[in-house]
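Structural features, examined
One letter stands for each residue in the lines below.
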Amino acid sequence: MKALFLGLVLCLAAVSAGAVNPDEMLDDPALEARAREISKGLRCLVCQNQSIDDSDAGLARDLRVLVRERLVAGDSDGQVIDYVVSRYGDFVLMRPPFKATTYVLWLGPALIGGLGVLAVMAFYRRRRAAGARRGTAPPPLTEDEKRRLETLLDDRSR
Amino acid sequence: MNRRFLYVLPLVVFAVIAAYFAVGLTKDPSAIPSVLIDTPVPEFALAPIKGRDRGLSREDLKGEVSLVNIFGSWCFACRVEHPLLMQLKKENAVPIHGIDWRETDRDAGPKWLAKFGDPYTLIGDDPESRAVIAFGVTGAPETFVVDKNGVIRYKQVGPITGRIWEETLRPLIEELRRQ
């Protein structure tokens, strides 16, 4: 089981080596896996659209090394991430946190989608109401109208 | 619904988008606001570079308003900024401390300073970005204004120009000295 797990980790490491150099990697596969996971969530400050796990920039390398050192020193994943955020702010997180300043970011799409659904619903409701108005039975014919109708029909049948 | 409103709707949408762009496109996406403004200088202690016997640490930044300038011999924009730093040194305007960042060769920094001049009071050698990460630096050059209590008060991203010095940094330093 352990061998299988190790093999799996090695396979994963082989396909997604990214920018991590062999000399940066930790000997402990579990710790290294945690380091990789953390690195994927941290933005490279030089290239901005890459995580430090993907980036070849010097600063990204030094951040990867720092992440590993802190893990070896016994930090939890959260503590490592908190340290980097305390230096660079939320911007360093690839996935922005859900908090007061980011409500618009996270809730905006749902809100606009919701408004769209409401608009579509209102549109159909109004159309149905208009259809129903058209569908109601017209008032019954008056005596005069009935007579005119009969003469017309009579003319045709002749 | 009012029909006339529908006709102006595209114009309204355009105006909103144009307003967003007008503001958004003037912003520099690489200038990330520092979260360290008004916080004490982080704990750090750097060894000296070759040819000097004092490095730079947190304790050195207390007692007097000073600048901490991140530079490197590999950094082209630092060369652009360098003459201004030399000028400030000549005028004795403010102590400038340097963090020599990510030199792969221990001689590279000292050689660079020998060639272009050395405006720094103290210099720390930071080959592995220790202090640089603690300061939340994203690139070189960057310059921090530190007050006499060792609190970071301002961060300049990119080279200091004559204009930035005159309009922003000098007035700020003078104000911090009065405090």
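Residues numbered from 1 in each chain as written. Chains lettered and ligands numbered in written order. Predicted model: local features only at pLDDT ≥ 70, side-chain atom pairs only at ≥ 80, totals over all residues. Heavy atoms only, no water.

1. Focus on helix H1 (residues 3-24) of chain B
Under the 1.5 Å per step criterion, the end-to-end length of H1(B) is 33 Å for 22 residues, consistent within 8% with the ideal 32 Å. Considering bend angle alone, the principal kink of H1(B) is centred on B:Leu9 and spans about 40 degrees; proline B:Pro10 follows within four residues of it. (Helix = DSSP H or I, 4+ residues; strand = E, 2+ residues; numbered from the N terminus. Expected span 1.5 Å × (residues − 1). Bend = angle between axes of the 7 residues up to and from the residue.)

2. Focus on the domain arrangement of chain A
Residue and element names in this part refer to chain A. Each domain of chain A was delimited in the assignment, giving domain 1 (12-97) and domain 2 (98-135). Both faces combined, the contact of domain 1 with domain 2 buries some 370 Å², and carbon together with sulfur accounts for 57% of it. For the domain 1 face of the interface with domain 2, the top three residues by lost area are Asp-90, Pro-96 and Pro-97, together amounting to 87%. Of the charged contacts in the structure, one is a salt bridge between Asp-90 and Lys-99, with a shortest N-O distance of 2.7 Å. There are five residue pairs in polar contact (both at pLDDT 80 or more) connecting domain 1 and domain 2. Within the side of domain 1 that touches domain 2, the residues separate by chemical class into two nonpolar, no polar and two charged. (Domains from an automatic or database assignment. Buried area = accessible area lost by both parts, 1.4 Å probe. Salt bridge = Lys/Arg side-chain N within 4 Å of Asp/Glu carboxyl O. Polar contact = N/O pair within 3.5 Å; in protein donor to acceptor, adjacent residues only side chain to side chain. Nonpolar A, V, L, I, M, F, W, Y, C, P; charged D, E, K, R; others polar.)

3. A look at the interface of chain A and chain B
Contact with chain A, which involves 18 residues of that partner, is made by 18 residues of chain B. Taken together, the two surfaces of chain A and chain B that pack against each other cover about 1400 Å², and 55% of this comes from carbon and sulfur. Interface area lost by chain A to chain B is led by A:Asp62, A:Arg87 and A:Tyr88, which between them contribute 41%. Taken together, the connections running from chain A to chain B amount to two salt bridges. (Contact = heavy atoms within 4.5 Å.)

4. Here's the deal with the nonpolar core
A:Leu63, B:Ile99 and B:Phe135 are the most contacted members of the largest nonpolar core, which totals 43 residues. Looking at this core, the elements with two or more residues in it are helix H2 (29-40), helix H3 (58-72) and helix H4 (77-88) of chain A together with strand S3 (66-71), strand S4 (96-101), helix H4 (130-134) and strand S6 (142-146) of chain B. For this core, the leading source of residues is H3(A), giving six residues. In terms of nonpolar packing, the next biggest core, distinct from the first, is built from 23 residues, B:Phe71, B:Leu88, B:Ile123 and B:Ile160 among them. (Core = buried A, V, L, I, M, F, W, Y, C linked by side-chain atoms within 4.5 Å. Buried < 20%, exposed > 50% of the residue type's maximum accessible area, 1.4 Å probe, protein only.)

5. Some details on the pairing of strand S5 (residues 123-126) of chain B
All names here are of chain B. Because side chains alternate across S5, one face comprises the buried residues Ile-123 and Asp-125, and the other comprises Gly-124 and Asp-126, equally buried. Looking at chain direction, S4 and S5 are connected through four bridges and run parallel. Pairing of Gly-98 across the sheet is with Ile-123, part of S5. In this region the chain leaves S4, passes through helix H3 (residues 108-116) and returns to the parallel neighbour S5; the handedness of that crossover is right-handed. (Pairing = 2+ DSSP bridges. Right-handed = clockwise from strand over helix to strand, strands pointing away.)

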